[in-house]
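Notes for the structure review
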Amino acid sequence: MAMMSPGTGSSERPGGSALSEINITPFVDVVLVLLVIFLITAPMMLRGIDVKVPKTEAKNVGPEERLMLTVTKEKAIYLDNQPITLGRLEGVLVGLRQRNAKAAVFLRADEGVAYGVVVKVMDAVKKAGIERLGMVTEPIPPPTRGQ
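Conventions we followed
- Residues numbered from 1 in each chain as written.
- Predicted model: local features only at pLDDT ≥ 70, side-chain atom pairs only at ≥ 80, totals over all residues.
- Heavy atoms only, no water.
- UniProt positions renumbered as here; feature names shortened; annotations may be inferred.
- Axes fitted to C-alpha atoms, helices over the stretch in contact; angles between N-to-C directions.
- Helix = DSSP H or I, 4+ residues; strand = E, 2+ residues; numbered from the N terminus.
- Parallel < 35°, antiparallel > 145°, perpendicular 65-115°, else oblique.
- Left-handed = near helix turned anticlockwise from the far one by under 90°.
- Contact = heavy atoms within 4.5 Å.
- Nonpolar A, V, L, I, M, F, W, Y, C, P; charged D, E, K, R; others polar.
- Pairing = 2+ DSSP bridges.
- Right-handed = clockwise from strand over helix to strand, strands pointing away.
- Expected span 1.5 Å × (residues − 1).
- Salt bridge = Lys/Arg side-chain N within 4 Å of Asp/Glu carboxyl O.
- Core = buried A, V, L, I, M, F, W, Y, C linked by side-chain atoms within 4.5 Å.
- Buried < 20%, exposed > 50% of the residue type's maximum accessible area, 1.4 Å probe, protein only.

As annotated in an unreviewed UniProt entry, the protein carries the name Biopolymer transporter TolR and is attributed to Candidatus Methylomirabilis lanthanidiphila. A UniProt comment under Sequence similarities (unreviewed entry) is attached to the protein, and it reads "Belongs to the ExbD/TolR family."

Right, here's the structure in full:
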């Protein structure tokens, strides 16, 4: 029968010493990869509704509390990124006006949308009793020298 000498059990390493340090290099690699993935995907998650607004020379209005009404090229209507029908829009805006008498709505319509669709949306806002209706546009960049 073979005898095992003390100290040669399976709990010890072949070299005789226990591992006293943890190698964190793989952990750091995983964390850095996750950080890079987060940095790349985070800006993509903040996208809104794609609308190409017309350009104007007027100055932009400063930031304030506002309700954004969007009309896409496909004639879809969104109230603060939530889809809404033209029929429901007036009722929702009436409720908003009752909560806040100085409610303001900013209309952002794609430049390819028919003028009649935009007028119908503006009419629903006015019927709801909201007097402060602004149009969102994109500023025209100033001409560069040499043109």
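Here the narrative resumes, following the displayed structure.
**Brief notes about the packing of helix α2 (residues 86-99) against helix α3 (residues 115-127)**
Interhelical geometry of α2 versus α3 gives an angle of 30 degrees and a closest axis separation of 8 Å. In terms of their interaxial angle, α2 and α3 are classed as roughly parallel. You can see that α2 and α3 cross each other, and the crossing is right-handed. Here Leu86, Leu89, Glu90 and Leu93 of α2 lie close against α3, whose contacting residues are Lys120, Val121, Ala124, Val125 and Lys127. Residues of the contact of α2 with α3, tallied by class, amount to six nonpolar, no polar and three charged.

**Concerning the pairing of strand β6 (residues 132-135)**
The side chains of a regular strand alternate, residue by residue, between the two faces of the sheet. Judged from the four bridges that link them, strand β5 (residues 104-109) and β6 form a sheet pairing that is parallel. Residue pairing for β6: Phe106 is matched across the bridge by Gly134. Note on the crossover from β5 through α3 to β6: the handedness is right-handed.

**Brief notes about α3**
Spanning 13 residues, α3 covers 18 Å between terminal C-alpha atoms, matching the ideal 18 Å at 1.5 Å per step. The secondary structure elements touched by the buried residues of α3 are β2 (67-71), β3 (77-79), α2, β5 and β6.

**Some thoughts on the pattern of salt bridges**
Enumeration over the complete set of coordinates arrives at one salt bridge. The partner of Lys127 in a salt bridge is Asp123, and the shortest N-O contact between them spans 3.5 Å. Residue Lys127 and its partner Asp123 are located together in helix α3, separated by four residues, close to a single helical turn.

**Digging into the nonpolar core**
Soluble globular proteins tend to pack their nonpolar side chains together in the buried interior. Leu69, Val71, Leu79, Leu89, Leu93, Val105 and Val121 are the most contacted members of the largest nonpolar core, which has 21 residues in total. When residues of this core are assigned to their parent elements, the largest contribution, five residues, is made by α3. Filtering out sequence-adjacent residues up to four positions away, Val71 remains in contact with Val51, Ala76, Ile77, Leu107, Arg108, Ala109, Asp110, Val113, Val117 and Val121.

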